[in-house]
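Architecture and fold: a report
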Amino acid sequence: MPHHKEVANLLAGYRLPPKIPFGVELAPVMYRADFSGGRWQPGGLVPFGPVAVNPAATALQFAQQAFEGMKAYRSSDDRPMLFRPNLNWQRFAKSAARLRMPEVPASLFAEALSAVASGLSKVIPGGRGQSLYLRPTMFGLDPHFAVKGSDNFVFLLLASPSDAYYADPIRIMVERTNCRAASGGTGAEKVGGNYAASLLANENCVAHGFDQSLWLDPSTRKNIEELSAMNFMAIIDGALHTPALSGSLLDGVTRGSLLSIARQMSMQTAERVMPVDELLDDIRRGRCEELFACGTGAIVAPIGTIGEVDGTKFELPVVGQVSLRLRDALLDIQEGKIPDPFGWTIDASDREALCEYISG
Ligand SMILES: *Cc1c(COP(=O)(O)O)cnc(C)c1O
């Protein structure tokens, strides 16, 4: 790639702005690799900037696009540490396959992560909950209106030095009209189209005094699935409950990790069908003490209020007691504050070790 010098200059001259709200500041470099002629071409770091996309490209016309969200944390000895990147790689491949896109091989995924996280390691913010948010993205480039996929794709790894997400407890509204994903659709994949389907409902719930939609299952509209970008958890009679993977909700890395951490803390856990009306009943009767959402961006976001479009609201009696304990335990591992008992963290600067870790 002809960008070595420009990339080196951009990295050398880059300083963090005084404020880095989640996902706003974009790093001055990104990784790019292109898929053409049936294979991935050599990639590399390039200056961050617009990518030429034909307006008739399948990415824009048919939402042939998938992404991931992950974080590099700065360890106490200043290494860029990734958290379970093997799971993001696997999920990215699953999302790509569902949208008829090629797999990004583990070696390419590792190279991109290593190049970006190492290049930016000096500007990974090191405060509690701060990180370098990483956004692998892939989309189809071929321009045509025939409904078929592309043969040419671009894979990008974008980076955003970020503060932790959501300071205040969030208010969620049960979404009983729209669905974000269909049964047999793409709800279990991380694709932009799912988000497009969620935007209007989210705006509607803001207009009703809430922050985010709580989605129900698309078949019966009775059972809780998740939020638009986070999984859902409840503390009921002291146990951690979360909706079982239904095929239309996302198998979050944070969700799975918190379930493991909770079990390690000797908490009972249950992945099960969670009827929303039963949950509201459990809140009314005082059995459900606490609700929270979880995902890579927010880590853990306590929920203070759950309600309905008609204005009915339930305040949770406890906000953040168990959830913030779980958040701390997870962050301690991610930030390398305690020895990692699960083998979940890996230094991104060693590309070969990272590749081995990812391909498992
Ligand atoms: C990314 C995402 C999550 C959270 O997954 P993590 O792997 O924990 O970041 C949950 N729900 C949806 C719809 C998502 O896109």
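Residue indices begin from 1 for each chain and proceed along its sequence in written order. Whole-chain, interface and lining totals are the exception, using all residues; otherwise, since this is a predicted model, local features are given only for residues with pLDDT of at least 70 and side-chain atom pairs are given and counted only at 80 or more. Note that the side-chain values use all heavy atoms of the structure and ignore hydrogens as well as water.

Let's shift gears to the overall build of the chain. Helix and strand counts for the chain stand at 9 helices and 18 strands. A compact globule built from 360 residues would reach a C-alpha radius of gyration of about 21 Å, and the chain, at 21 Å, matches this within 12%. Projecting the C-alpha coordinates of the chain onto the three principal axes gives extents of approximately 65 × 55 × 40 Å. Only protein chains enter the accessibility calculation, which uses a 1.4 Å probe. A residue is then buried if its area is under 20% of the maximum for its type, exposed if over 50%, and partly exposed in between. By the burial criterion, 53% of the 360 residues in the chain qualify as buried. Pairs of residues are marked as contacts when any of their non-hydrogen atoms sit within 4.5 Å. A fraction of 71% describes how many contacts in the chain between residues 6 or more apart in sequence connect residues 24 or more apart. As displayed, the chain offers around 15300 Å² of accessible surface, 53% of which is attributable to carbon and sulfur atoms. Under the counting rule used here, the positive set is Lys and Arg, the negative set is Asp and Glu, and His together with the chain ends is not counted. A charge is said to be at NZ when it belongs to Lys, at CZ for Arg, at CG for Asp and at CD for Glu. The positive charge centre, built from 34 side chains, and the negative charge centre, built from 39, are 2 Å apart in the chain. By the criteria applied, helices consist of DSSP H or I runs no shorter than four residues and strands consist of E runs no shorter than two, each listed in order from the N terminus. When we talk radius of gyration, it's over C-alpha atoms, and the globule rule is simply 2.2 Å times the number of residues to the 0.38. The Shrake-Rupley method, run with a 1.4 Å probe, gives the accessible areas here. Residue values count only the displayed protein chains as cover.

This next bit is on the layout of surface pockets. Counted as a void, the largest pocket has a volume near 690 Å³. Lining the largest pocket we find 39 residues, and of these F67, Y133, R135, Y195 and A229 sit closest to its centre. Contributing elements (two or more residues each) for the lining of the largest pocket: strand 7 (131–140), strand 8 (153–162), helix 5 (192–207), helix 6 (253–264) and strand 15 (288–295). The leading source of residues in the lining of the largest pocket is helix 5, at 4 residues. When residues are sorted by character, Ala, Val, Leu, Ile, Met, Phe, Trp, Tyr, Cys and Pro go into the nonpolar class, Asp, Glu, Lys and Arg into the charged class, and all the rest, Gly among them, into the polar class. Looking at side-chain class alone, the lining of the largest pocket contains 19 nonpolar, 13 polar and 7 charged residues. In this analysis, the protein atoms alone were mapped onto a 1 Å grid. Cavities are point sets where a 1.4 Å probe fits without being able to get out; pockets are open sets with protein on both sides within 12 Å along at least five of seven lines; lining residues have an atom within 4 Å of a point. Grid points are joined across faces, edges and corners, and a volume is the space filled by probe spheres set on the points.

Domains are outlined according to an automatic or database domain assignment. Domain annotation for the chain reports domain 1 (4–164 + 342–359) and domain 2 (170–319). The centre of domain 1, based on its C-alpha atoms, is set 27 Å off from the matching centre of domain 2. At the junction of the two partners, domain 1 supplies 21 residues and domain 2 supplies 21 residues. Summing both partners gives a buried area of about 1700 Å² for domain 1 against domain 2, and 63% of it is carried by carbon and sulfur. Among the residues of domain 1 in contact with domain 2, F67, R91 and R98 are the three that bury the most area, contributing 34% of the side total. The term salt bridge refers to a side-chain nitrogen of Lys or Arg lying within 4 Å of a carboxyl oxygen of Asp or Glu. Residue K94 is joined to E189 by a salt bridge in which the shortest nitrogen-to-oxygen separation is 3.0 Å. Here a polar contact is recorded for every N or O atom pair within 3.5 Å, except that within protein the pair must consist of a potential hydrogen donor and a potential acceptor, and residues adjacent in sequence are included only if both atoms are side-chain atoms. On inspection of domain 1 and its partner domain 2, the count reaches 11 residue pairs in polar contact (both at pLDDT 80 or more). Of all the elements in the fold, those that place two or more residues in the side of domain 1 that touches domain 2 are strand 4 (65–67), strand 5 (70–74) and helix 3 (85–98). Top contributing element to the side of domain 1 that touches domain 2 by residue count: helix 3, with 6 residues. Defined in terms of a 1.4 Å probe, buried area is the accessible area two parts forfeit on being brought together, summed over both.

Further remarks concern the packing of helix 4 (residues 106–119) against helix 9 (residues 351–359). As a packed pair, helix 4 and helix 9 sit with axes 9 Å apart at the nearest point and diverge in direction by 135 degrees. Viewed along their axes, helix 4 and helix 9 adopt a mutual orientation that is oblique. Crossing angle aside, the handedness with which helix 4 passes helix 9 is right-handed. Packed against helix 4, whose contacting residues are A106, S107, F109, A110, E111, L113 and S114, the element helix 9 presents R351, L354, C355, I358 and S359 at the interface. Residue composition of the contact of helix 4 with helix 9, grouped by class: 7 nonpolar, 3 polar and 2 charged. Angles run from 0 to 180 degrees between N-to-C directions of axes, and those axes are lines fitted to C-alpha atoms, restricted for helices to the stretch in contact. By the definition adopted for this analysis, an angle is roughly parallel if under 35 degrees, roughly antiparallel if over 145, roughly perpendicular if from 65 to 115, and oblique otherwise. Rotating anticlockwise by less than a right angle from the far helix to the near helix defines a left-handed crossing, while the corresponding clockwise rotation defines a right-handed one.

Across the 8 residues that make up strand 15, a large majority, 7, are buried. Whether two strands pair comes down to DSSP finding at least two bridges between them. As judged from the 6 bridges shared by strand 12 (residues 231–236) and strand 15, these two strands associate in the antiparallel manner. Along strand 15, the bridge assignment pairs I236 with C288. As paired elements, strand 15 and strand 16 (residues 299–307) share 5 bridges and run antiparallel to each other. Along strand 16, the bridge assignment pairs F292 with P302. Hairpin connection of strand 15 to strand 16: 3 residues between the antiparallel strands.

Now for the environment of F92. Among the structural elements, F92 can be located in helix 3. Remark: the alpha-carbon pair of F92 and G304, spanning 212 residues in sequence, is separated by 32 Å. Those residues in contact with F92 that sit more than four places away from it in its chain are A66, F67, E68, V104, F109, P136, T137, M138 and F155.

Turning to the site of the ligand, a few remarks are in order. If even one non-hydrogen atom of a residue comes within 4 Å of a molecule or strand, that residue is called near it. The immediate surroundings of the ligand are formed by 15 residues, with K190, Y195, E226, T254 and T296 found nearest. One of the side-chain N or O atoms of T254 is found 2.6 Å from an oxygen atom in the ligand. T296 places a polar side-chain atom, nitrogen or oxygen, 2.6 Å from an oxygen atom of the ligand. Burial of the ligand by the protein amounts to 97% of the accessible area it has alone, namely 380 Å². Counting atoms within 2 Å of the grid points, the majority share of the ligand lands in the largest pocket. When grouped by side-chain class, the residues that make up the shell around the ligand number 5 nonpolar, 6 polar and 4 charged. Cavities and pockets are treated as containing a molecule whenever more than half of the molecule's atoms lie within 2 Å of their grid points.

Our focus in this paragraph is the nonpolar core. Formed by 42 residues in total, the largest nonpolar core has its most connected members in Y31, F109, L113, L120, L134 and F155. Secondary structure elements with two or more residues in this core: strand 1 (29–36), strand 5, helix 3, helix 4, strand 7, strand 8 and helix 9. The element that contributes the greatest number of residues to this core is helix 4, accounting for 8 residues. Within this scheme, the nonpolar core is defined by two criteria: the residues are buried Ala, Val, Leu, Ile, Met, Phe, Trp, Tyr or Cys, and they are joined through side-chain atoms within 4.5 Å. Of all hydrophobic cores here, the second largest spans 25 residues; its members include V276, L279, A301 and I303.

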